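Chain and residue survey
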Amino acid sequence: MKSKLFVAALMLAVAVPASAQFAKPEDAYKYRSSVMTLQGAHMGRINAQLKSDKPDMQAIATNAALLDTLNRLFFTAFPEGSDMVANSRAKPEIWKQSAKFKENADKLNAQVAKLNEAAKSGDAAATRSAFQSTAQACKGCHDEFRRD
Ligand code: HEC
């Protein structure tokens, strides 16, 4: 009985949307900055594989699956007004053009799904091309929504 209650409480905790979990805008900034740093790291690992003559497609697929999760986490960490946090490079356009911002995030998710598929198929050329489109999706959003 006790353990059932515990499981129920745990499930409730998990069901709370991540955006509601930041007590302060600084916390949201730290969270997204950490996630983005990881996104950069996993993109870097895929890039390193693709530079080799015999890329490890399984490693690329693993990194693409991690990116898929990280992309979703990142998007939950933009409470309105959190561009005012020290060091944040977020532009106010994120909230003024929120539909467009979300479009950019969706585009990245779609590209990462393609990258994962290509890697799983073992086709290095298709994986290279999907990786380039993924990097473009990162850059596209940065150009519009991140300060220099
Ligand atoms: C939907 C828009 C969007 C997409 C897509 C996006 N980014 Fe970002 N990224 C941002 C914004 C906005 C910031 C600035 C956040 C801040 O400073 O508050 C940022 C910041 C960063 C940072 C700096 C983190 C830090 O604080 O040091 C890195 C690294 C980064 N992004 C990597 C990536 C990579 C890699 C991808 C693609 C896999 C990506 N981003 C896709 C919007 C995006």
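Above this text you will find the structure in question.
Residues numbered from 1 in each chain as written. Predicted model: local features only at pLDDT ≥ 70, side-chain atom pairs only at ≥ 80, totals over all residues. Heavy atoms only, no water.

Considerations on the packing of helix H2 (residues 25-51) against helix H3 (residues 57-75)
At their nearest, the axes of H2 and H3 sit 9 Å apart, and the two run at 160° to each other. The orientation of H2 with respect to H3, classified from their angle, is roughly antiparallel. Crossing handedness for the pair H2 and H3: left-handed. For the pair H2 and H3, contact is made by Tyr31, Arg32, Val35, Met36, Leu38, Gln39, His42, Met43, Arg45, Ile46, Gln49 and Leu50 and by Ala59, Ile60, Asn63, Ala64, Leu66, Leu67, Leu70, Asn71, Leu73 and Phe74, respectively. Residues belonging to the contact of H2 with H3 are distributed by class as follows: 15 nonpolar, five polar and two charged. (Axes fitted to C-alpha atoms, helices over the stretch in contact; angles between N-to-C directions. Helix = DSSP H or I, 4+ residues; strand = E, 2+ residues; numbered from the N terminus. Parallel < 35°, antiparallel > 145°, perpendicular 65-115°, else oblique. Left-handed = near helix turned anticlockwise from the far one by under 90°. Contact = heavy atoms within 4.5 Å. Nonpolar A, V, L, I, M, F, W, Y, C, P; charged D, E, K, R; others polar.)

What to know about the site of the ligand
The immediate surroundings of the ligand are formed by 23 residues, with Met36, Ser88, Cys138, Cys141 and His142 found nearest. In the environment of the ligand, an oxygen atom lies 2.6 Å from a nitrogen or oxygen atom belonging to the side chain of Ser88. A distance of 2.8 Å separates a nitrogen atom of the ligand from a polar side-chain atom of His142. Here the ligand occupies the largest pocket. For the shell around the ligand, the secondary-structure elements that each account for two or more residues are H2, helix H5 (98-121) and helix H6 (124-145). The leading source of residues in the shell around the ligand is H2, at seven residues. Grouping the constituent residues of the shell around the ligand by class yields 14 nonpolar, six polar and three charged. (Near = heavy atom within 4 Å. Polar contact = N/O pair within 3.5 Å; in protein donor to acceptor, adjacent residues only side chain to side chain. 1 Å grid on protein atoms, 1.4 Å probe; cavity = no way out; pocket = protein on both sides within 12 Å on 5 of 7 lines; lining within 4 Å. Sits in = over half its atoms within 2 Å of the grid points.)

Quick word on the side chain of Asp83
Positionally, Asp83 belongs in the loop between H3 and helix H4 (93-96). The charged side chain of Asp83 is buried without a salt bridge, its nearest counter-charge being Arg147 at 5.1 Å. (Buried < 20%, exposed > 50% of the residue type's maximum accessible area, 1.4 Å probe, protein only. Lys, Arg positive; Asp, Glu negative; His and termini not counted. Salt bridge = Lys/Arg side-chain N within 4 Å of Asp/Glu carboxyl O.)

A word on the coordination of the iron atom of the ligand
Listed as protein donors to the iron atom of the ligand are Met36 (SD) and His142 (NE2); their distances from the metal cover 2.0 to 2.3 Å. The partly exposed category is assigned to Met36, whose relative accessible area is 28%. (Donors = N, O, S within 2.8 Å, 3.2 Å for Na, K, Ca; no water.)

Quick look at the nonpolar core
Among soluble globular proteins, nonpolar side chains are generally buried collectively. Ile46, Leu50, Ile60, Leu67, Leu115 and Phe131 are the most contacted members of the largest nonpolar core, which totals 15 residues. For this core, the elements supplying multiple residues, two or more each, are H2, H3, H5 and H6. With five residues, H3 is the largest single contributor of residues to this core. If we ignore the near neighbours within four places in the chain, the residues touching Ile46 are Ile60, Asn63, Ala64, Leu67, Leu115 and Phe131. Val35, Leu70, Ala90 and Phe101 belong to the second largest nonpolar core, which has ten residues in total. (Core = buried A, V, L, I, M, F, W, Y, C linked by side-chain atoms within 4.5 Å.)

Brief notes about H5
Relative to the 34 Å expected for 24 residues at 1.5 Å per residue, H5 spans 35 Å between its end C-alpha atoms, a close match to the ideal helical length. The elements touched by buried residues of H5 are H2, H3, H4 and H6. Taken from the residues just after H5, Gly122 is the one with a positive phi, measuring 80°. (Expected span 1.5 Å × (residues − 1).)

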